[in-house]
Amino acid sequence: MDLLIKSFNRPYYLDRCIQSIYLNIHDKNFNIIVLDDGTPKKYLDKLLEKFPSITILKSDLYFEKSNAILNGDSNVNSKIPIDLWLSAAENASNYFLLIEDDFWFTKPIHLKKIRLNLESDKIKMLKLCWLGNPKLLPNKIHNVNDEYSIFTPNLYTTNPVLFHFIFRLHRFKIRKILTIFKIYNLDKYLEYYSIYATSGAIFNKKYFLKLWKNHKNNVDEGLQLSNALKFINRKKKLQFFGFTNSEFLRTGFLSSASNQNKKFENVNFDLFAFNKIINEAWYNNGFDAMENYPKDLNEDKIDDLLLKECHSDASSNEWKKWVHKFKNQYLDFGCKID
């Protein structure tokens, strides 16, 4: 099975991610393919020296973005490398795992056995992570085996047009009216995420590529959910999905890949400046990405590095405020974070 890792400018998290794979996946036949969008070369070279069997594929904008990062430019091109993701998926194994650089495995997993079962059960997507939030799982389960639970979508509607009208349309006070009549609520909407994930899942290749049809170089979750519904409605027979009986993956909440959509009111914090500090500490062997594993990175060590650097755009106090607000986005809709 191919393991695809989306990566951008956080080699310390990517290091942890890859180490966790080798610690927990004991199958002989798997390939780690990093899909990188701008991590400076010296960091990638260190990772290749440490993990010589991995493959690193670079986006079309890799050199533009990596040069901007090296020059301390916080206004890095924000175009998302969807074409790289889709190209990698098209060339990947029929079932492949897709994760982000800030994901890591926390327990052993037998991918070969799971893959054979997925093929036999004709599962389109298997979630390995849902942040402890039951709202992101199905409300009815079809079957359970030793590795995972199987379900068919049991959603308010599987009609893409009706889905868009009820759950995605915000104009003319429609959302307020639908809420009053108990047609719309957040829990009903979150149920659709049982058939969709941006990462943290094993995908059937055809299903993944269908999700991104007509993407227009934009991550549009509404479009992808509509594509998922079209896929479900395409055939008369039932479509099966699944989730593992326990979560195998965790993700980090102490940084983000870029400033895009991660700025908070009354927080003076530059993620590019922050990542450069941690990247350099990691590169010079002053930051151990596995310290505190399987929990998130060592916050005390990060705090010490920030205090020592004393960067005006990445102070310890502002970082702590940023982390608090970042985590609350997930806590507010039911996720569990240590």
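Residues numbered from 1 in each chain as written. Predicted model: local features only at pLDDT ≥ 70, side-chain atom pairs only at ≥ 80, totals over all residues. Heavy atoms only, no water.

S.K.: Give me the overall build of the chain: which residues, what numbers.
M.R.: The secondary structure content of the chain amounts to 13 helices and 11 strands. For 338 residues, the compact-globule estimate of 2.2 N^0.38 gives 20 Å, and the C-alpha radius of gyration of the chain, at 20 Å, lies within 12% of that figure. Expressed as lengths along the three principal axes of its C-alpha atoms, the size of the chain is roughly 60 × 50 × 35 Å. Taken across its 338 residues, the chain has 54% of its residues classed as buried. A fraction of 76% describes how many contacts in the chain between residues 6 or more apart in sequence connect residues 24 or more apart. Accessible surface computed for the chain: about 16500 Å², of which carbon and sulfur atoms make up 50%. Of the side chains in the chain, 49 bear a positive and 39 a negative charge, and the two mean positions are spaced by 10 Å. (Helix = DSSP H or I, 4+ residues; strand = E, 2+ residues; numbered from the N terminus. Rg over C-alpha atoms; globule rule 2.2 N^0.38 Å. Buried < 20%, exposed > 50% of the residue type's maximum accessible area, 1.4 Å probe, protein only. Contact = heavy atoms within 4.5 Å. Areas by Shrake-Rupley, 256 points an atom, 1.4 Å probe, with all protein chains shown as cover. Lys, Arg positive; Asp, Glu negative; His and termini not counted. Charge placed at Lys NZ, Arg CZ, Asp CG, Glu CD.)

S.K.: Could you give an account of a negative patch on the surface, naming the residues involved and the relevant values?
M.R.: Taken together, the side chains of Asp-288, Glu-291, Glu-299, Asp-300 and Asp-304 make up a negatively charged region of the molecular surface. Tracing the backbone shows Glu-291 in the loop between α11 (271–283) and α12 (299–309). When its relative accessible area of 35% is taken as the criterion, Glu-291 is described as partly exposed. (Patch = residues over 30% accessible without salt bridge, like charges linked within 9 Å, V, L, I, M, F, W, Y side chains within 5 Å. Salt bridge = Lys/Arg side-chain N within 4 Å of Asp/Glu carboxyl O.)

S.K.: Residues and numbers for the packing of aromatic side chains, please.
M.R.: Under the counting rule described, the total for this entry stands at 37 aromatic pairs. For the pair Tyr-12 and Tyr-13, a centre-to-centre distance of 5.3 Å together with 35° between the ring planes defines the contact as tilted. Side by side, Tyr-12 and Tyr-13 carry an identical accessibility label, which is buried. Three or more aromatic residues link up through ring pairs in this structure, and these residues are Phe-253, Phe-264, Phe-269, Phe-274, Trp-319, Trp-322, Phe-326, Tyr-330 and Phe-333. Just above the ring of Trp-282 sits the side chain of Lys-46; from NZ or CZ to the centre is 5.0 Å. (Phe/Tyr/Trp six-rings, centres within 6.5 Å; stacked < 30°, edge-to-face > 60°. Lys NZ or Arg CZ within 6 Å of the ring centre and 35° of its normal.)

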